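# Examining the three-dimensional arrangement
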Amino acid sequence: MNALLDVIFSLLPVLGFLAALLFLDSFKLVGMRSVLAALVIGGLAAGAAFVINRAMIQSFDLQTQTFTRYIAPLIEETLKALWVIYLVRTRRVGFMVDAAIYGFAVGAGFAVIENLYYLQTVGDTHLVLWVIRGLGTASMHGGTTAIFAILARYLSSRAGEKPLLVFGPSLLVAAALHSIFNHFILPPILMTALLLVCFPLLIVVVFSRSEKATRHWLGEGLDADMELWTLISSGALSESRIGKYLESLTEHFPPSVVADMFCYLQLHIELSIQAKGLLLAREAGANLSPDESFTAKLRELKFLEESIGRTGRLAIHPFLGTSHRDLWHLDLLGR
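This write-up is about the structure you can find in this document.

Scoring rules and cut-offs
- Once a new chain begins, its residue numbering starts again from 1 and follows that chain's sequence as written.
- For a predicted model such as this one, the threshold for reporting local features is a pLDDT of at least 70, and the threshold for listing and counting side-chain atom pairs is 80 or more; totals across whole chains, interfaces and linings nevertheless cover every residue.
- Excluded from the side-chain calculations are hydrogens and water; all other atoms, namely the structure's heavy atoms, are used.
- Only rings of Phe, Tyr and Trp enter the pairing, Trp through its six-membered ring, and a pair is recorded when the two centres are within 6.5 Å. The plane angle decides the type: under 30 degrees is stacked, over 60 is edge-to-face, the rest tilted.
- Secondary structure elements are taken from DSSP: a helix is a run of H or I of four residues or more, a strand is a run of E of two residues or more, and numbering for both begins at the N terminus.
- For the exposure calls, accessible area comes from a 1.4 Å probe over protein chains only, and a residue counts as buried if that area is under 20% of its type's maximum, exposed if over 50%, partly exposed in between.
- The criterion for a charge sitting over a ring is simple: Lys NZ or Arg CZ within 6 Å of the ring centre, and within 35 degrees of the ring normal.
- The rule for a salt bridge is simple: a side-chain nitrogen of Lys or Arg has to be within 4 Å of a carboxyl oxygen of Asp or Glu.
- Definition used in this section: a nonpolar core is a set of buried Ala, Val, Leu, Ile, Met, Phe, Trp, Tyr and Cys residues joined via side-chain atoms within 4.5 Å.
- Contacts: residue pairs with any heavy atoms within 4.5 Å of one another.
- Under this definition, polar contacts are N or O atom pairs within 3.5 Å; protein pairs additionally need one hydrogen-donor-capable and one acceptor-capable atom, and for neighbouring residues in sequence, both atoms have to be side-chain atoms.

## Notes on the packing of aromatic side chains
- According to the stated counting rule, one finds eight aromatic pairs in the structure shown.
- Considering the side-chain rings of Trp83 and Tyr86, the 5.0 Å spacing of their centres and the 25 degrees angle between planes classify their relative orientation as stacked. With Trp83 and Tyr86 both in helix α3 (residues 64-89) and three residues apart, this pair spans about one turn of that helix.
- Ring plane angle 50 degrees and centroid distance 6.3 Å describe the contact between Phe181 and Phe184, whose orientation is recorded as tilted.
- The exposure class assigned to Phe181 is buried, which follows from its relative accessible area of 7%.
- Pairwise contacts between aromatic rings join Phe17, Phe104 and Phe199 into one cluster.
- Taking the ring centre of Phe110 as reference, the NZ or CZ of Lys80 above it sits at 5.4 Å.

Below, the structure written as structure tokens:
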């Protein structure tokens, strides 16, 4: 019974918190496959951290206290951050809410493997230790990586393609918070209680702001897409400024490329409307899937993108939603 309680208190709290984050996400931006993948990646990061930490302590003859306070936090947060960096760089994170879920899932995977290791090596001990590790240390691992992901997503929308400006400050904040936790400035029970109060408050604020931003982006984006689609489908595009602009491009591009530009514009708008509509349906509780032609149309969009080239894409850039979020929601539904 004692062993069972140790497992419950060391593993279940962090997994329960992750389940709560998924439940609170009304747009269901992160699928279960992605969550499981993040958990596995977090577990692998824990294994890598164990090997690296042990090698550094042995190689440099470091004091355990110094290492756990200043060096281990940076190593562990860097390893956990790698998967989040990949997700942000490949446009798989659209809003702070899905960034928080991905980050916490990676941290939870890390914490689960770490606590399983301690359960095997420490052996029978007081239940309070596993309460602190499960509610405190495990939540800290999930929380710091979630904070890294939230900051990285926020900065990526402002700094653009500048990795050092996006991920550098985010990593330093996560490592600093980890280091503060490892200093044990407060007694472990009080530190755990403080963490359990502060982190949920942060997540509530992030979820609230992110869902408002999602609704605002969906509303404005859908209105703009519908306006352009109406012009195209009514045959009035040639009379509009967009049609006249496309016609003027024949002076700079071969007619076949201009025709591909028009097809690309039309297909992009069509897919964008469908994607935004499905996201709104998810918020309303209807978990709809794209129709069978969606994947084929995405492939056609990629083909046209290559056909018109970088210069052609820049030429029609003003009429397309090509922000991080506009590209993300197509990738999301494509997956």
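## Quick look at the pattern of salt bridges
- Scanning the entire structure with this criterion turns up three salt bridges.
- We note a salt bridge from Glu77 to Lys80, for which the minimum N-O separation is 2.9 Å. Residue Glu77 and its partner Lys80 are located together in helix α3, separated by three residues, close to a single helical turn. Like Glu77, the residue Lys80 is buried in the burial classification.
- The closest approach of N and O atoms between Glu270 and Lys297, which form a salt bridge, is 2.4 Å.

## Concerning the nonpolar core
- Leu29, Val35, Ile101, Phe104 and Phe148 are the most contacted members of the largest nonpolar core, which has 46 residues in total.
- Put simply, the parts of the chain that give this core at least two residues each are α1 (2-24), α2 (32-60), α3, α4 (96-122), α5 (127-159), α6 (163-183) and α7 (188-234).
- Ranked by residue count, the leading element in this core is α4, at 12 residues.
- Residues in contact with Phe104, not counting those within four places in the same chain, are Val14, Phe17, Leu18, Leu21, Ser139, Gly142, Gly143, Ala146 and Phe199.
- Listed in part, the 26 residues of the second largest apolar core include Leu246, Tyr264, Phe294 and Ala315.

## So, the side chain of Ser179
- Its location among the elements puts Ser179 in helix α6.
- Assessed through its relative accessible area of 12%, Ser179 is described here as buried.
- When residues no more than four places from it in sequence are discounted, the contact partners of Ser179 are Arg69, Tyr70 and Pro73.

## Considering the side chain of Lys80
- With a relative accessible area of 0%, Lys80 lands in the buried category.
- A distance of 2.9 Å separates the side chain of Lys80 from the side chain of Glu77, its partner in a polar contact.
- Side-chain polar atoms of Lys80 contact the backbone oxygen of His141, separated by 3.0 Å.
- When residues no more than four places from it in sequence are discounted, the contact partners of Lys80 are Ala45, Val106, Gly107, Phe110, His141, Thr144 and Thr145.

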